Amino acid sequence: MTGFLAIFLAVMMGHTAHAEVSMATQVFGIKDLIEKLPNHHFQTCNLVLSTNRANFTTAESRCQQLPARVAMDRQRGTLATINSKEANDDLTMLLNIALPIEEQSKFKYAGNRWAWTGLRKVRNTDTKHIQKINKRIPYNRSDWEWYDKSIPENFESWNRGQPDQRPLKPGKKSNEYKKSGRCQEENDCRQNQMRVNHFGKWDDAFGFEEHPYACDYKGKYLVSGLEKTWTEAKEACEAIGLNLATVRSQREVEELRRALLYFLGESGFEECKGQFGHHGKQPVNKRGKVIKKKKVCTSATMEERWDVEHWAWTGGNDEAKEGKFRWTDGSEVEAFANFPWIASAGKDNKAKGQAAGQNCLTISKWGEFDDSYREHKKPFACECPRG
């Protein structure tokens, strides 16, 4: 059982319906939830794995930008901290879902068979120290450090004989890494960064090598690219101890919108908020003046606007009382000012030749909400438990 799922079981112990979900169902649930994310980023509520290969420095930089891009967090992100068996299992699961090992090169050091993490050797890396060592440098865990300054003291999963700290002369290529570039250091290159393979084993590696990479994730939403009905989406979230997404502020609306863009890809209509009206109504600003529509918005066809790829289910619905939208926990949807309904939405719930009315809440990639038929299939977002 992965740590991600084990954590959720513990979190949800106070919720009877979720606590009764079996471990086997949860394992299947998370794999089913994220296996079809189209934008090369795969997530749990704690990690994001990007399959876009990068050297260690580039991977580090991309992880630093992740909180601002997805979670609206000004703090710099980090490459993943894998300091427990549970976290190691989570990353192994993501790697096997995103890049099935049977589809990768049989060469054990091939780029897609590993993922960068945040463990680095930060002590005893100077030339003077290295010159005292004949070829292989003895392993000392206190030389290695995660971004929070902790060392791999309580958990480590090094491959047999690793880390070996094998050197590489400046300008030289290793026979094992011919496609990864050359050593660019003034002195010998050393394997001062850690990577993880599909089996959860660690290896030290040269920073110029290119691999997928894992970042720590502290965002609120877990996004799925699977197209499901509202009921199916609700059940899929509950299968791993979560609820369909809620938003309780304009900030959370924007965070969910960014998560959809990051994990599902851009729509092309990101600038069209407030410009897709119904029944000929023109959008106005806070002063009541008509907003001049952008060309990309006016040229979009009805089919393009309502394509399911641009929308995702949330937990809002008005099934208990028509016109009174509530989240799955019973709280009111419009709990903050200027809730971003698309024009006329929330007031057109009459059944139109279908068995049920438009009772379930969906959000667009440009950040507006609409009530939709629960039988329609769309991507969806679950809500991560954040204290």
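By convention here, each chain's residues receive numbers from 1 onward along its written sequence. It should be noted that, the model being predicted, local features are given only for residues of pLDDT at least 70 and side-chain atom pairs only at 80 or more, the latter also being counted only at that level, while totals for whole chains, interfaces and linings use all residues. Think of the side-chain values as coming from all heavy atoms in the structure, minus any hydrogens and water.

Student: Whenever I open this one, the pattern of salt bridges confuses me. Can you help?
Tutor: Where side chains of opposite charge bring their charged atoms close, a pairing between them can arise. In what follows, salt bridge is the name for a side-chain nitrogen of Lys or Arg lying within 4 Å of a carboxyl oxygen of Asp or Glu. Applying the stated criterion across every chain yields a total of 14 salt bridges. Close ionic contact of E252 with K220 constitutes a salt bridge, the shortest N to O distance being 2.7 Å. Placement of the pair is E252 in helix 8 (residues 250-264) and K220 in the loop between strand 7 (211-216) and strand 8 (221-228), with a sequence separation of 32 residues. Of the two residues, E252 and K220, neither departs from the other in class, the shared state being buried. Taking the shortest distance from any N to any O, the salt bridge between K234 and E238 comes out at 2.8 Å. On the criterion of helical spacing, the pair formed by K234 and E238 is a turn pair, its members being four residues apart in helix 7 (residues 230-238). Helix and strand definitions here come from DSSP, where helices need a minimum of 4 consecutive H or I residues and strands a minimum of 2 consecutive E residues; each element is numbered from the N-terminal end. The rule is simple: take the accessible area with a 1.4 Å probe, protein chains only, and divide by the maximum for that residue type; under 20% is buried, over 50% is exposed, in between is partly exposed.

Student: What's the story with the environment of T51 in this structure? I'm lost.
Tutor: Position of T51 relative to the elements: it lies in strand 2 (residues 47-54). A residue is classified by how much of its surface remains accessible, and T51, at 14% relative accessible area, is buried. Distance in space between the C-alpha atoms of T51 and A98 is 7.2 Å, their sequence separation being 47 residues. Contacts: residue pairs with any heavy atoms within 4.5 Å of one another. Setting aside residues up to four positions removed in sequence, T51 forms contacts with H40, F42, A98, L99 and P212.

Student: I'm lost on the nonpolar core in this one. Help?
Tutor: When a protein is soluble and globular, its nonpolar side chains tend to lie buried together. For the purposes of this section, nonpolar cores are sets of buried Ala, Val, Leu, Ile, Met, Phe, Trp, Tyr and Cys residues that join through side-chain atoms within 4.5 Å. Within the largest apolar cluster, 76 residues are counted, with the highest numbers of intra-cluster contacts made by W202, L222, F263, F369 and F380. Leave out the neighbours within four places in its chain, and F263 touches L37, P38, N39, H41, Q43, V48, V70, Y217 and V223.

Student: Is there a simple way to think about helix 8 in this case?
Tutor: What sets the pattern is the α-helix's 3.6 residues per turn: residues three or four places apart point alike. Expected span of a helix: the number of residues minus one, times 1.5 Å. Over its 15 residues, helix 8 extends 21 Å from the first C-alpha to the last, a length consistent with the 21 Å expected when each residue adds 1.5 Å. With respect to burial, helix 8 is a largely interior element, eleven of its 15 residues being buried. Of all the residues in helix 8, the buried ones are E252, V253, E255, L256, R257, A259, L260, L261, Y262, F263 and L264. Looking one or two residues beyond helix 8, the residue adopting positive phi is G265, at roughly 100°.

Student: I tried to follow the packing of aromatic side chains on my own but got confused; where do I start?
Tutor: One pair of aromatic rings is described through two measures. These are the centre distance and the angle between the planes. Two rings belonging to Phe, Tyr or Trp (six-membered ring only in the last case) form a pair when the distance between their centres is within 6.5 Å. Interplanar angles under 30 degrees mark stacking, angles over 60 mark edge-to-face geometry, and anything in between is tilted. Enumeration over the complete set of coordinates arrives at 18 aromatic pairs. Ring geometry for F107 against Y109: centres 6.0 Å apart, planes inclined by 70°, an arrangement best described as edge-to-face. On the numbers, 6.1 Å between centres and 85° between planes, the contact of W146 with W202 is edge-to-face. On the criterion of sequence distance, the pair formed by W146 in the loop between strand 4 (144-145) and strand 5 (193-197) and W202 in strand 6 (residues 202-205) is long-range, its members being 56 residues apart. The pair formed by W146 and W202 is uniform in burial state, with each residue classed as buried. A network of ring pairs unites the aromatic residues Y139, W144, W146, F155, W158 and W202 as a single cluster. Lying over the aromatic face of W114, R195 brings its terminal NZ or CZ to 4.6 Å of the ring centre. Either the NZ atom of lysine or the CZ atom of arginine qualifies as a charge over a ring when it sits within 6 Å of the ring centre and within 35 degrees of the ring normal. A cation over an aromatic ring shows up here: K378 above the ring of W313, its NZ or CZ 5.3 Å from the ring centre.

Student: What should I look at first to understand the packing of helix 4 (residues 56-71) against helix 8 in this one?
Tutor: A packed helix pair is summarised by two numbers, namely the angle formed by the two axes and the spacing between the axes. Geometry is summarised by axes, namely lines fitted to C-alpha atoms with helices restricted to the contacting stretch, and by angles between N-to-C directions that run from 0 to 180 degrees. Put simply, helix 4 and helix 8 touch, their axes get as near as 7 Å, and they point 120° apart. By the criterion of interaxial angle, the relationship of helix 4 to helix 8 is oblique. Judged by residue contacts, L66, A68, R69, V70 and A71 of helix 4 engage R251, E255, R258, A259, Y262 and F263 from helix 8. Residues are grouped as follows: Ala, Val, Leu, Ile, Met, Phe, Trp, Tyr, Cys and Pro are nonpolar; Asp, Glu, Lys and Arg are charged; all remaining types, including Gly, are polar. Looking at side-chain class alone, the contact of helix 4 with helix 8 contains seven nonpolar, no polar and four charged residues. Every angle not falling under 35 degrees, over 145, or within 65 to 115 is termed oblique; those three ranges are roughly parallel, roughly antiparallel and roughly perpendicular.

Student: I would appreciate a short explanation of unusual backbone geometry in the present structure.
Tutor: In terms of backbone geometry, most residues other than glycine have negative phi values and most peptide bonds are trans. Across the junction of Q162 and P163, the peptide omega takes the value 0°, indicating a cis bond. With respect to the secondary-structure elements, P163 resides in the loop between strand 4 and strand 5. A positive phi is found at K149, a non-glycine position, where the angle reads about 75°. Looking at where K149 falls in the secondary structure, it is placed in the loop between strand 4 and strand 5.

Student: What exactly am I supposed to notice about a negative patch on the surface here?
Tutor: Think of a patch as exposed residues, more than 30% relative accessible area, with no salt bridge, where like charges cluster within 9 Å and nonpolar side chains (Val, Leu, Ile, Met, Phe, Trp, Tyr) cluster within 5 Å. Each accessible area is a Shrake-Rupley estimate made with a 1.4 Å probe; only the visible protein chains count as cover when residues are assessed. None of His or the chain ends enter the tally, which takes Lys and Arg as positive and Asp and Glu as negative. Every charge is mapped onto a representative atom, which is NZ of Lys, CZ of Arg, CG of Asp or CD of Glu. Residues E227, E303, E304, D307 and E309 make up a contiguous surface patch of negative charge. By the secondary structure assignment, E309 is in the loop between helix 10 (302-305) and strand 10 (311-317).

Student: I'm lost on the state of the cysteines in this one. Help?
Tutor: As used here, a disulfide is simply a covalent bond connecting the sulfur atoms of two cysteines. Here, two cysteine sulfur atoms that lie within 2.5 Å of each other are counted as a disulfide. Taken as a whole and judged by the stated rule, the model has four disulfides. In this model C237 forms its disulfide with C382; the gap between the sulfur atoms is 2.0 Å. Around the S-S axis, the bridge from C237 to C382 shows a dihedral of about -85° and counts as left-handed. On the criterion of sequence distance, the pair formed by C237 in helix 7 and C382 in strand 13 (residues 378-383) is long-range, its members being 145 residues apart.

Student: Hey, could you run me through the environment of Y221 in this one?
Tutor: Along the chain, Y221 turns up in strand 8. On the accessibility criterion, Y221 (0% relative accessible area) is buried. Put simply, Y221 and C382 are 161 residues apart on the chain and 5.8 Å apart in space, counted from C-alpha to C-alpha. When near neighbours in sequence (up to four residues on either side) are disregarded, Y221 contacts Q43, A245, T246, V247, E252, E255, L256, A259, C382, E383 and C384. N or O atoms closer than or at 3.5 Å make up a polar contact, with two conditions inside protein: a donor-capable atom paired with an acceptor-capable one, and, for residues adjacent in sequence, both atoms drawn from side chains. From its side chain, Y221 meets the backbone oxygen of T246 in a polar contact 2.7 Å long.

Student: I keep staring at the pairing of strand 12 (residues 369-373) and nothing clicks. Help me out?
Tutor: Buried residues dominate strand 12, accounting for five of its five residues. Pairing between strands requires that DSSP locate at least two bridges from one strand to the other. Two elements, strand 11 (residues 358-364) and strand 12, share five bridges in a ladder whose sense is antiparallel. Bridging across to strand 12, I363 finds its partner in F369. The hairpin formed by strand 11 and strand 12 contains four residues between the paired strands, and G367 there has a positive phi angle of roughly 90°.

So far we have only geometry, and geometry alone does not tell us how the molecule works.
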